[in-house]
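Coordinate inspection notes
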Amino acid sequence: MLPFLLRRLWQMLPTMLGVVLLVFVLFNWVGGDPAYVLAGKMSSLDAIAGIRRQLGVDEPYHVQLLIFAKQVVTFDFGQSWATGESVGHIISSRLGPSLTVLVPLTILETLIGIALALAVGFVRGSLTDRAVMVACTAAMSVSILVYIIAFQYGLAYRLGLFPVQGWGDSLGENLLRYAPLPVLIGLAVSVAPTLRLYRSFVLDEANQDYVRTARAKGLPERRVMWVHVLRNAAIPIITHVMASLPALLIGAFLLERFFGIPGIGREVILAVERSDFPVIKAITVYVAFATMVFNLLTDLLYRAVDPRVQPG
Amino acid sequence: MSGLHAHLAHLATTPAGLWTLAWRRLRADRLAMAALAVVAGWLVLIALSGAGLVAADWEREAGVNYAPPSFLGAAVADTAAAGAAAAPAVPARANPFDPLAGDLAVLRAALPDGGAAPERRPTLPFGADKWGHDIVKKTVKGAETSIVIGIVAAFLAVGLGTLLGALSGYFGGIVDDLLTWLYSVFTSIPSILMILTVAAVLQAKGVATIVLILGLTGWTGPYRLIRAEYIRHKAREYVMAADAIGASAWRRMFVHIFPNVSHVALVQVSILVVGFIKAEVILSFLGFGVPAGVVSWGSMLNEAQNELLLGKWWQLAAAAAAMAVLVTAFSLFADALRDALDPKVK
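These numbers come from a predicted model, not from an experiment.

All names here are of chain A. Scanning the entire structure with this criterion turns up 13 salt bridges over all chains. Between D209 and R212 there is a salt bridge; the shortest N-O distance is 2.8 Å. Here the residue D209 and the residue R212 both occupy positions in helix α10 (residues 209–216), the gap between them amounting to three residues, near one helical turn. Each member of the pair, D209 as well as R212, carries the same accessibility label: exposed. Here the salt bridges share partners, and the residues they tie into one network are E85, R94 and E267.

Quick look at the structure:
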């Protein structure tokens, strides 16, 4: 296990360097001179030169790249151009609200997805199965924007079942009062694609020899699906859940924006609107790193769950 | 005997190729054909709109502000809308505080129709927006923007992915290492974050910018699949035969191998179009997409969000329904196409 872990960590290095390089090229080369963005429309040459010196953009590229690499390693991206707040603090303080919505969403989505996938896999090929699949495709085709606008207007504004938007200070209040509607909308959007995917995992397993053996032994269909098939379909399901976690952090950005949740996703949109480059750079780099780390964890978990995977 | 006859009859007909077989399978699938018909209908509609034959006058103020859909009747229009409808009745030139009022009267009189205010109807088949634009025409015009962006960006992404995948899979070695490294770098950044990051950097708003953003960030999926296909194909006999008759590497890659993997590229295009139409809508909604003055489904949803609070739901319904119908049909067709082209099913 240890040699495997070391090799994987070693392999992550070039990808991490690549992400840093890509972000650097995007912002320093493609993006033009940040001093002009920062100085605004009414700027004198002196002011621009001063900002350039302060940002270090008058240094040669390789020095700038080193500065950026140092920022990444020390978690110190300086200050937000828009608010002056430290970028490190922005990221750490926005993580909590994002997770308050995303953890319940991921758990519910996975449980509902698995239950429905097994139920549909149970009647595979039938009219019910086909109808559910067509309904899933239709549900996936409605834009998340429409779900948000309609649910927020209907359930929160007209019926008053939920607060229209807002965020509190205590975890309990947020979880019970402000998070439920975003979670509900998240489920409306994500259960259909999840169900389609999990159904394909279930069907892959349902055609295996061991399932036929289990049936031949006379096990009830229910037990075959819930115990035998589920245990084996668990591996791709775990992979999928783990792999989608970092993207979820950003994926909920529309929910966060509409419901005024001060999370990472809303921060990204605000930063893009304000051309707040340090914040976007930092979030991009760290989300990419998180993705890589989660991929590694998935591989480790994979090995733990499936004894057939050879250590190596 | 009959078996032999059938066999001989089969030999007499030309063997059906991949595309013929795929088309036969598609034809047999009623759902796929219905979906194809819907997609084709939309494509015809936006082609007509692009040529200026349909919805060209969408910016004409055809109805009163927020004219309700006809089936609701004009009675639904609230006092604000009624006030706006009554407004043209008060002649602007009678306004003593407007220094240009007199000139306006002269200018109006010079117009061929005598400067009469355009007739604005109290209801429209599917209602009107804040300025009285016909929602049906606006939806068609918005479809043109959204669908064209989706299709052009999908071809750009798949073209780029195919080119890089072919180089990577065919040459292997250091080219493959380098491109696969680039692939892993791009895929470690979630796509929506990647899109927003590039949008932040490029600043310039416009249809071309969105196409570029989506195309440059969407190549990774096609790259992975096309690369795998090239690795599979490069050692086949027909490629060696091409090598033997002196075909260049470029010719082998794109004249000999590409037709055999083009079905993978086509399925990728059909899948990406759906994803990109949805992405464009979100980008335009957030204000990072189409510039002001260009109508797309995203900009319609953006306007509709505020209108909803006034109880004007028809623009939201029209854009959402149009998008849902197209995307559902496109997804169903893409699924059926993938199944029909999957060589394993043969």
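Text resumes after the structure shown.
Further remarks concern unusual backbone geometry. Of all residues except glycine, most have a negative phi; of all peptide bonds, most are trans. All names here are of chain A. At S275, a position not held by glycine, the phi torsion is positive, near 50 degrees. Locating S275 in the fold gives a position in the loop between α13 (264–273) and α14 (277–305). Since its relative accessible area comes to 10%, S275 is described here as buried.

This next bit is on helix α4 (residues 61–74) of chain A. Residues and elements named next belong to chain A. Given a rise of 1.5 Å per residue, 14 residues ought to cover 20 Å, and the 20 Å separating the end C-alpha atoms of α4 matches this to within 8%. Taken together, the buried positions of α4 are Q64, F68 and V72. All buried residues of α4 project into a common sector of 85 degrees when viewed along the axis, lining one side. Across α4 from its buried face, at more than 90 degrees, point the exposed residues H62, L66, K70 and V73. Residues of α4 that are buried sit in contact with α1 (2–30) and α14. F75 lies just past α4 and shows a positive phi near 60 degrees.

Another aspect to go through is the UniProt feature "transmembrane region" (unreviewed entry) in chain B. Residue and element names in this part refer to chain B. According to UniProt, the positions carrying the feature "transmembrane region" (unreviewed entry) are residues 31–56, 147–171, 178–201, 207–226, 257–277, 283–301 and 313–334. End C-alpha to end C-alpha, residues 31–56 measures 33 Å, and it is 77% helix and 0% strand. End C-alpha atoms of residues 283–301 are separated by 11 Å, and the span's content is 47% helix alongside 0% strand.

Glancing now at a nonpolar patch on the surface. Residue and element names in this part refer to chain A. Side chains of L21, V25, W29, V30 and Y61 sit close together on the surface and give an oily, nonpolar patch of about 500 Å² of accessible area. At four residues, α1 tops the list of elements feeding residues into the nonpolar patch. Topologically, W29 is positioned in helix α1. A relative accessible area of 62% places W29 in the exposed class.

Let us now look at the packing of helix α5 (residues 87–122) of chain A against α14(A). Residues and elements named next belong to chain A. At a closest axis distance of 10 Å, the pairing of α5 and α14 adopts a crossing angle of 55 degrees. Accordingly, the angle class assigned to the pair α5 and α14 is oblique. As for the relative orientation of α5 and α14, their crossing is right-handed in sense. In this structure, α5 contributes V87, I90 and I91 to the contact, and α14 contributes P278, V279, A282, I283 and Y286. Residue classes in the contact of α5 with α14 are distributed as eight nonpolar, no polar and no charged.

The rules behind each value
- Residues numbered from 1 in each chain as written.
- Chains lettered and ligands numbered in written order.
- Predicted model: local features only at pLDDT ≥ 70, side-chain atom pairs only at ≥ 80, totals over all residues.
- Heavy atoms only, no water.
- Salt bridge = Lys/Arg side-chain N within 4 Å of Asp/Glu carboxyl O.
- Helix = DSSP H or I, 4+ residues; strand = E, 2+ residues; numbered from the N terminus.
- Buried < 20%, exposed > 50% of the residue type's maximum accessible area, 1.4 Å probe, protein only.
- Expected span 1.5 Å × (residues − 1).
- Arc of directions from axis to C-beta.
- Contact = heavy atoms within 4.5 Å.
- UniProt positions renumbered as here; feature names shortened; annotations may be inferred.
- Patch = residues over 30% accessible without salt bridge, like charges linked within 9 Å, V, L, I, M, F, W, Y side chains within 5 Å.
- Areas by Shrake-Rupley, 256 points an atom, 1.4 Å probe, with all protein chains shown as cover.
- Axes fitted to C-alpha atoms, helices over the stretch in contact; angles between N-to-C directions.
- Parallel < 35°, antiparallel > 145°, perpendicular 65-115°, else oblique.
- Left-handed = near helix turned anticlockwise from the far one by under 90°.
- Nonpolar A, V, L, I, M, F, W, Y, C, P; charged D, E, K, R; others polar.

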